[in-house]
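# Structural description and commentary
These are the residues of each chain, in order.
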Amino acid sequence: VQLQASGGGLVQAGDSRRLSCAAAVPSFSRFFMAWFRQAPGKEREFVAAISRNPSSTFYADSVKGRFAISRDNAKNTVYLQMNSLKPEDTAVYYCAGRPSILTAIYISPEDYDRWGQGTQVTVSS
């Protein structure tokens, strides 16, 4: 398993949660990493992404200002800090990654060839 996501669980609206994704890939610092989510009956949607060094971040409008993506290249890990969670954030969260060139931005699921197994986040009202 190249990407291993963890940190999901059951939380209440307004709570915070941090997801982690450990990557067993060579040259992790050259990878563009992202989080997607999929709610029941819906398509997988982009949540957040972070470019290779130097890191730039990108967010879906629905999570901008509440979620923060970050990476620790020394630990081959990417994080998703989720604050002010809402019931509509309930979904299975997937991390994804791919090697990238410096100027590229990837926010579509079709752009990625490496996926984690998903971690369930359930937000109760």
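What this report covers is the structure whose coordinates are included nearby. (Residues numbered from 1 in each chain as written. Predicted model: local features only at pLDDT ≥ 70, side-chain atom pairs only at ≥ 80, totals over all residues. Heavy atoms only, no water.)

### As for the state of the cysteines
Using the following cut-off: Disulfides are defined in this document as cysteine sulfur pairs within 2.5 Å. Secondary structure elements follow DSSP: runs of H or I of four or more residues count as helices, runs of E of two or more count as strands, with numbering from the N terminus. Each residue's exposure class comes from its accessible area (1.4 Å probe, protein chains only) as a fraction of the maximum for that residue type: buried when under 20%, exposed when over 50%, partly exposed otherwise.
Under the definition given, this model contains one disulfide. One disulfide in the model links Cys21 with Cys95; its S-S distance is 2.1 Å. Sign of the S-S torsion, about 60° for the bond between Cys21 and Cys95, identifies this disulfide as right-handed. Note that Cys21 is positioned in strand S3 (residues 17–23) and Cys95 in strand S9 (residues 91–99), a separation of 74 residues in sequence. Residue Cys21 is classed as buried on the basis of its relative accessible area, which comes to 0%. For Cys95, a relative accessible area of 0% corresponds to the buried category.

### Focus: the pattern of salt bridges
For clarity, the cut-off: For this analysis, a salt bridge means a side-chain nitrogen from Lys or Arg found within 4 Å of a carboxyl oxygen belonging to Asp or Glu.
With the rule as written, the count across this model stands at five salt bridges. Between Asp89 and Arg37 there is a salt bridge, with the nearest N and O atoms lying 2.9 Å from each other. Of this pair, Asp89 sits in the loop between strand S8 (77–82) and S9 while Arg37 sits in strand S4 (residues 31–38), and the two are 52 residues apart along the sequence. Residues Asp89 and Arg37 agree in their burial class; the two are buried. One continuous salt-bridge network, built from bridges that share partners, spans Arg37, Glu45, Arg66 and Asp89.

### Remarks on the sheet that holds strand S7 (residues 67–72)
The criterion, for reference: Only strands joined by at least two bridges in the DSSP assignment are considered to pair. Lines fitted to C-alpha atoms define the axes here, with helix axes fitted over just the stretch in contact, and angles between the N-to-C directions of these axes take values from 0 to 180 degrees.
Strand order in the open sheet made by the four strands is S1-S3-S8-S7, with antiparallel pairing throughout. Strand pairing shows two members of the sheet lacking a second neighbour, strand S1 (3–6) and S7, which therefore form its edges. Between one strand axis and the next, the sheet turns by 15° as a mean value, whatever way the strands run. Examined bridge by bridge, S7 and S8 share six bridges and lie antiparallel to one another. Along S8, the bridge assignment pairs Phe67 with Met82.

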